[in-house]
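These are the residues of each chain, in order.
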Amino acid sequence: MTTARPALDPELQALLADMPLMSQLSQEALAQVRPFSSMPVEPLLEGRAIDRREVTVSAPDGTPIPLSVFSPTKTDRTSAAPCVYWMHGGGMVMGDRFSQIDIPLEWLDEFGAVVVSVDYRLAPEATGTALVDDCYQGLLWIAEHSAELGIDPARIIVAGASAGGGLAAGVTLLARDLDTPTIAAQVLIGPMLDHRNTSASSRQFSGGPGVWTREMNEFGWRCLLGDLADDEVPVYVSPALADDLSGLPTTYIDTGSAEVFRDEDTDYATRIWAAGGQAELHVWAGGFHGFDALYPQAHISATARRTRTEWLARVLHTNPTA
């Protein structure tokens, strides 16, 4: 029996009709789609007053991890800038530091934020905690170089989409548990939080083609976890496993009603509230996974992106240095 699904937003449905969709991923298919999982960053920088810098940090095992730093061209600003630390999407298996970078670059334009994006290693070549560890090393570098970057270390925002949203959540848990660095807020956009893949929304988006299906999700997690048994999966890798969601920074979570991650994302927000934390949750009716990144021109996408930016403006405005 086919599980009924929430209908797509009509405008999104029309746009999606021209997109080739898959139902499953394999190693062979991954090799074919990886080259198309990121767009060049240069066209996004044209006409913008942005300085770009490339740096490298070392992972715990010595592997070099590239970071791209995008800063507003020098102005007469006298106060330190906020920083957005970006983790890209791609199901843990594809993408690079320029994937979906247009999202945080909007915050550079809006708030004068310094944007740092990390090129974490990908599964299946890297497994277990390697990806979240790479991202955490980038966060440490930002905190250690805050003066050089011209940023306020009290206004570091950790953000990511899809797999990057899951990694952002894992990094935030890790920073909380290690008591460093300070994170002002986390922005989790359709985050990939739960390797168990057993929710109602996961089952709804199975058995047919889609932007990101249950079968594709299983593939991504299998690539990342390798031979780890369920009881061996660290909470920093699959944040939905965390028993304690207290002590987290203010959190923004959004998702679509018509996507695999809907239920794990809404559950994460609910559990932050239950632990006494602050979270803002948006479930966009008719939104499929990654709708606002794939089709930013759609009305629902523009609304979702504007709503995130308005939330971030409120968060930054509460800080006297904003």
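Refer to the structure printed above.
Residues numbered from 1 in each chain as written. Predicted model: local features only at pLDDT ≥ 70, side-chain atom pairs only at ≥ 80, totals over all residues. Heavy atoms only, no water.

Trainee: Just to check I follow, could you spell out the side chain of Gln204 for this structure?
Mentor: For Gln204, the position within the fold is in helix α8 (residues 200-204). Looking at Gln204, the relative accessible area reads 12%, which means it is buried. Those residues in contact with Gln204 that lie beyond four places of it in its chain are Thr3, Ala4, Arg5, Pro6 and Arg262. (Helix = DSSP H or I, 4+ residues; strand = E, 2+ residues; numbered from the N terminus. Buried < 20%, exposed > 50% of the residue type's maximum accessible area, 1.4 Å probe, protein only. Contact = heavy atoms within 4.5 Å.)

Trainee: I would appreciate a short explanation of the side chain of Ser68 in the present structure.
Mentor: As for its placement among the helices and strands, Ser68 is situated in strand β2 (residues 64-72). According to the relative accessible area criterion, Ser68 is buried, its value standing at 0%. Reaching out from Ser68, the side chain makes a polar contact with the side chain of Arg97 at a distance of 2.6 Å. Ignoring anything within four residues of it in the chain, the contact list for Ser68 reads Arg53, Glu54, Arg97, Phe98, Val115, Val116 and Ser117. (Polar contact = N/O pair within 3.5 Å; in protein donor to acceptor, adjacent residues only side chain to side chain.)

Trainee: How should I be thinking about the packing of helix α5 (residues 130-144) against helix α7 (residues 163-178) in this particular structure?
Mentor: Relative placement of two packed helices is described by the angle separating their axes and the distance separating the axes. Two elements in contact, α5 and α7, have axes whose closest approach is 9 Å; the angle formed by their N-to-C orientations is 65 degrees. Here α5 runs over α7; the crossing is right-handed. Facing Leu131, Val132, Asp133, Cys135, Tyr136 and Leu139 of α5, the residues of α7 in contact are Leu167, Gly170, Val171, Leu174, Ala175 and Leu178. Each residue belonging to the contact of α5 with α7 can be placed in one class, and the counts come to 10 nonpolar, one polar and one charged. (Axes fitted to C-alpha atoms, helices over the stretch in contact; angles between N-to-C directions. Left-handed = near helix turned anticlockwise from the far one by under 90°. Nonpolar A, V, L, I, M, F, W, Y, C, P; charged D, E, K, R; others polar.)

Trainee: How should I be thinking about unusual backbone geometry in this particular structure?
Mentor: Only a minority of non-glycine residues have a phi that is not negative, and only a minority of peptide bonds are not trans. Cis geometry is found at the peptide bond from Ala123 to Pro124, where omega equals 5 degrees. In this structure, Pro124 sits in the loop between β4 (114-118) and α5. With omega at -10 degrees, the peptide bond leading from Thr180 into Pro181 counts as cis. Located in the positive-phi region is Asn197, a residue other than glycine, with phi close to 60 degrees. Locating Asn197 in the fold gives a position in the loop between β6 (185-189) and α8. By relative accessible area, Asn197 is classed as buried at 3%.

Trainee: Help me understand the pattern of salt bridges in this model?
Mentor: Pairing of side chains with opposite charge becomes possible as their charged atoms draw close. For the structure on display, the rule yields 19 salt bridges. Ionic pairing is found between Glu54 and Arg97, a salt bridge with its closest N-O pair at 3.1 Å. Linking Glu54 in strand β1 (residues 50-58) with Arg97 in the loop between β3 (81-87) and α4 (102-111), this pair joins segments that are 43 residues apart in sequence. We classify Glu54 as partly exposed; its relative accessible area is 37%. With relative accessibility at 14%, the residue Arg97 sits in the buried group. Residues Arg196 and Asp194 are paired through a salt bridge, measuring 2.8 Å at the closest nitrogen-oxygen approach. Connected via shared salt-bridge partners are Glu42, Arg52, Glu54, Arg97 and Asp119. (Salt bridge = Lys/Arg side-chain N within 4 Å of Asp/Glu carboxyl O.)

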